[in-house]
Amino acid sequence: SIRARVKTRCLNYAIAIERQLDTQKKGQGFLEAVQNEVNNYFKARSDDVYLKLQKAAQLAASSELEDFSLLLTEVRRALKASADFFYPATTGMILCADGKERELGDEQYLNRLNEFVARRLARSTSKEMIVAELEHLAAFFRRLNEMASKGVHGPVTLAESKQGLVGLYFFLFNICQHLSKEE
């Protein structure tokens, strides 16, 4: 009787672990699909963005501590390259969709992305979500820029660096999906 109970518990434990692994595979498949969609979109349209995303993915797979901060730098470069692709830099003050005049030069890539979303994407619930994602990413990168400009170079964790990469991929995925519907 005791052996039968032990065998049953062991079998139940093995089944639970198997289910958990199966669920994880499905979740990973979702993230891989998002990454593939974004990579394919930019592979066909912008080698610059595509190459920066590839470099960021390589750095995300690294276990070197220095590569975590390099990953954040590469994510910022990929975001800037995507801004250059969607809304190239302009000189002078530009009247934006919200009625305010802003500079949309090379360094104002977050402003350019905001303007692109405001002008290009149709008004919808999904647009509001993209705006919220961009605001979150912008806050993340503005904080990162502030820390870098003050000379604060604390250790970057793997979680922080991957947060930037995952946020970038989800943001770009939503924009790509929106734009693909228009084509």
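See the structure printed just above.
Conventions used here
- Residues numbered from 1 in each chain as written.
- Predicted model: local features only at pLDDT ≥ 70, side-chain atom pairs only at ≥ 80, totals over all residues.
- Heavy atoms only, no water.
- Axes fitted to C-alpha atoms, helices over the stretch in contact; angles between N-to-C directions.
- Helix = DSSP H or I, 4+ residues; strand = E, 2+ residues; numbered from the N terminus.
- Parallel < 35°, antiparallel > 145°, perpendicular 65-115°, else oblique.
- Left-handed = near helix turned anticlockwise from the far one by under 90°.
- Contact = heavy atoms within 4.5 Å.
- Nonpolar A, V, L, I, M, F, W, Y, C, P; charged D, E, K, R; others polar.
- Core = buried A, V, L, I, M, F, W, Y, C linked by side-chain atoms within 4.5 Å.
- Buried < 20%, exposed > 50% of the residue type's maximum accessible area, 1.4 Å probe, protein only.
- 1 Å grid on protein atoms, 1.4 Å probe; cavity = no way out; pocket = protein on both sides within 12 Å on 5 of 7 lines; lining within 4 Å.
- Points joined across faces, edges and corners; volume = space filled by probe spheres on them.

S.K.: I tried to follow the packing of helix 3 (residues 65-86) against helix 6 (residues 158-182) on my own but got confused; where do I start?
M.R.: The description of two packed helices rests on the angle between their axes and on the distance between the axes. Where helix 3 contacts helix 6, the two axes come as close as 8 Å, and the packing angle between them is 20°. Put simply, helix 3 runs roughly parallel to helix 6. Seen from above, helix 3 lies across helix 6 with left-handed handedness. In this structure, helix 3 contributes Phe68, Leu71, Leu72, Val75, Ala78, Leu79, Ser82 and Phe86 to the contact, and helix 6 contributes Leu158, Glu160, Ser161, Lys162, Gly164, Leu165, Leu168, Phe171, Leu172, Ile175 and Leu179. Taken together, the residues of the contact of helix 3 with helix 6 sort by class into 14 nonpolar, three polar and two charged.

S.K.: Help me understand the nonpolar core in this model?
M.R.: Grouped burial of nonpolar side chains is what soluble globular proteins tend to show. Ranked by size, the top nonpolar core spans 42 residues in total, and within it Phe42, Leu53, Leu79, Phe86, Phe171, Leu172 and Ile175 carry the most contacts. When residues of this core are traced back to their parent elements, those giving at least two are helix 1 (2-45), helix 2 (47-60), helix 3, helix 4 (109-120), helix 5 (125-149) and helix 6. At nine residues, helix 6 tops the list of elements feeding residues into this core. Residues in contact with Leu79, not counting those within four places in the same chain, are Tyr109, Leu110, Leu113, Leu137, Phe141, Leu168 and Phe171.

S.K.: How should I be thinking about the layout of surface pockets in this particular structure?
M.R.: The probe, sized like a water molecule, is rolled over the atoms to show the empty space still left. For the largest pocket, the calculated volume is near 360 Å³. Elements with a minimum of two residues in the lining of the largest pocket: helix 1, helix 2 and helix 6. Of the residues in the lining of the largest pocket, the class split is nine nonpolar, two polar and two charged.

S.K.: Before we go on, may I ask you to explain the packing of helix 2 against helix 3 in this structure?
M.R.: Between helix 2 and helix 3, whose axes approach to 9 Å, the crossing angle comes to 165°. The orientation of helix 2 with respect to helix 3, classified from their angle, is roughly antiparallel. Considering how the two elements wind past one another, helix 2 and helix 3 form a crossing that is left-handed. Taking contact as the criterion, the partners of Asp48, Val49, Lys52, Leu53, Lys55, Ala56, Leu59 and Ala60 in helix 2 are, on helix 3, Asp67, Leu70, Leu71, Glu74, Val75, Arg77, Ala78, Ala81, Ser82 and Phe85.

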